[in-house]
Amino acid sequence: MPFGNGGFDPPGSEVSSSPKGYKDVIVADVNADGAGQVAQADAETYVTAPPSEAAIQVMNWVIATHDNGGLPFIVIDKSGAGRFVWDPKSQLLGETRALLGVSNGDESSPDIGERALSAISPEERTTPAGRFAAQYGFASGERRVFWVDYATSVALHPVVTANRRERRLQRLQSPSPEDNRITYGCINVPAPFYADVVQPLFEETGGIVYILPDTMPLEDVFPGLLAQSSARAKAPL
């Protein structure tokens, strides 16, 4: 059913290569010891803001046009730092807060996936906007991660606390989206939500991830929205 008050490219074979650089950060986070362990907390401690009008528009468009191609899908609302997970039948399974790239921006530098972390400036640490065919694959160290966009090294994974000064767990628990910009571009979510909702739903089939823009026009990021609006405008009365 529609949410609120509105060209499928299926995932290919599992990614198995492990270039050096940014892709290493996933393994360093997920497999850290001690203070770097994946943070565990009750799901109820994470406050989710209501979806923005743009998020409602995208979710309704996906449901109405079946743009997800029968796969589960996620809509990430960067303005509210929220994410909404839907099953293949367009039933909302859950919503939670997320941590995103430290800088506003809707594109990634073309070579960012091949660079060392020290070579990525704060201005380049963005979570790109767009429609992504996401799937599980390998990062360096042969660890499986949920790649949203392998080419630019954007993954979705449980929040970790390797660097306590970053206060990632506290940022997730904060009711304000203003402090949810802290990552190199990856999407961090509460560990219980990842284990209970994301992994079981996406591990076998992959799915589609829609990331809303910070500054770009919504129709430029999702041209299908414009096509749908045009079709409605031309519909006979």
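Notes on the structure follow. (Residues numbered from 1 in each chain as written. Predicted model: local features only at pLDDT ≥ 70, side-chain atom pairs only at ≥ 80, totals over all residues. Heavy atoms only, no water.)

## Things to note about the nonpolar core
Selection criterion: In this text, buried Ala, Val, Leu, Ile, Met, Phe, Trp, Tyr and Cys residues form a nonpolar core when linked through side-chain atoms within 4.5 Å. Burial classification: accessible surface area is computed with a 1.4 Å probe over protein chains only, and a residue below 20% of its type maximum counts as buried, one above 50% as exposed, and the rest as partly exposed. A run of DSSP states H or I qualifies as a helix once it reaches four residues; a run of E qualifies as a strand once it reaches two. Both are numbered from the N-terminal end. What makes two residues a contact is simply this: any of their non-hydrogen atoms within 4.5 Å.
I74, F146, V148, L156, I187, V198 and F202 are the most contacted members of the largest nonpolar core, which has 22 residues in total. Within the residue set of this core, elements represented by two or more residues are β1 (73–77), β5 (130–139), β6 (143–149), β7 (154–158), β9 (187–189), α4 (191–202) and β10 (207–211). In terms of residue count, α4 provides more of this core than any other element does, six residues in total. Each residue touching V148, except ones within four places of it in the same chain, is listed here: F132, A133, A134, V154, A155, L156, I187, V209 and I211. The next biggest cluster of nonpolar side chains, apart from the first, holds 18 residues, and it includes A55, V75, F84 and L225.

## Quick notes on the packing of aromatic side chains
This is how it is decided: Pairing of aromatic rings covers Phe, Tyr and Trp, the last counted by its six-membered ring, and requires centre-to-centre distances within 6.5 Å; plane angles under 30 degrees mean stacked, over 60 mean edge-to-face, and any other angle means tilted.
Inspection of the entire model under this criterion finds eight aromatic pairs. Taken together, a centroid distance of 5.3 Å and an interplanar angle of 40° make the contact between F146 and F202 tilted. Placement of the pair is F146 in strand β6 and F202 in helix α4, with a sequence separation of 56 residues. F202 shares its class with F146; the two are buried. For the ring pair W147 and Y150, a centre distance of 5.0 Å and an interplane angle of 85° mean the geometry is edge-to-face. Here the two residues W147 and Y150 agree in accessibility, since each one is buried. Here the aromatic residues W61, F73, W86, Y210 and F222 are joined through ring pairs into a cluster of three or more.

## Here's the deal with the side chain of R125
Keep this limit in mind: Think of it this way: Lys and Arg go in the positive column, Asp and Glu in the negative one, and His and the chain ends go nowhere. Throughout this description, the term salt bridge denotes a Lys or Arg side-chain nitrogen within 4 Å of a carboxyl oxygen of Asp or Glu.
Mapped onto the secondary structure, R125 falls in the loop between β4 (100–101) and β5. The buried charged residue R125 lacks any salt bridge, with E166 as its nearest oppositely charged partner at 6.9 Å. Once you skip the residues sitting within four places of it in the chain, R125 turns out to touch G101, V102, S103, L117, I120, T183 and Y184.

## Considerations on the sheet that holds strand β2 (residues 82–86)
Selection rule: Note: two strands are recorded as paired if DSSP finds a minimum of 2 bridges between them. Every angle, taken between N-to-C directions, lies between 0 and 180 degrees, and every axis is a line fitted to C-alpha atoms, over only the stretch in contact when it is a helix.
Reading across from one edge, β3-β2-β1-β10-β5-β6-β7-β9 is the order of the eight strands in this open sheet, with mixed pairing throughout. Each edge of the sheet is formed by a strand with only one pairing partner; in this case those strands are β3 (92–97) and β9. The mean angle between the axes of side-by-side strands here comes to 25°, regardless of whether they run parallel or antiparallel. Examined bridge by bridge, β6 and β7 share three bridges and lie antiparallel to one another. When the sheet's bridge partners are listed, D149 is paired in β7 with V154. Of the strands in this sheet, β1, β2 and β10 are in contact with helix α2 (residues 53–65), which crosses β1 at around 165°.

## Observations concerning the pairing of β6
Most of β6 is tucked away, with five of its seven residues classed as buried. Here β5 pairs with β6 via five bridges, running antiparallel. When the bridges of β6 are listed, G137 appears paired with V145. Connecting β5 to the next strand, β6, in antiparallel fashion are three residues, including G141 with a positive phi near 90°. Between β6 and the antiparallel strand that follows it, β7, lie four residues; S153 among them carries a positive phi value of about 65°.

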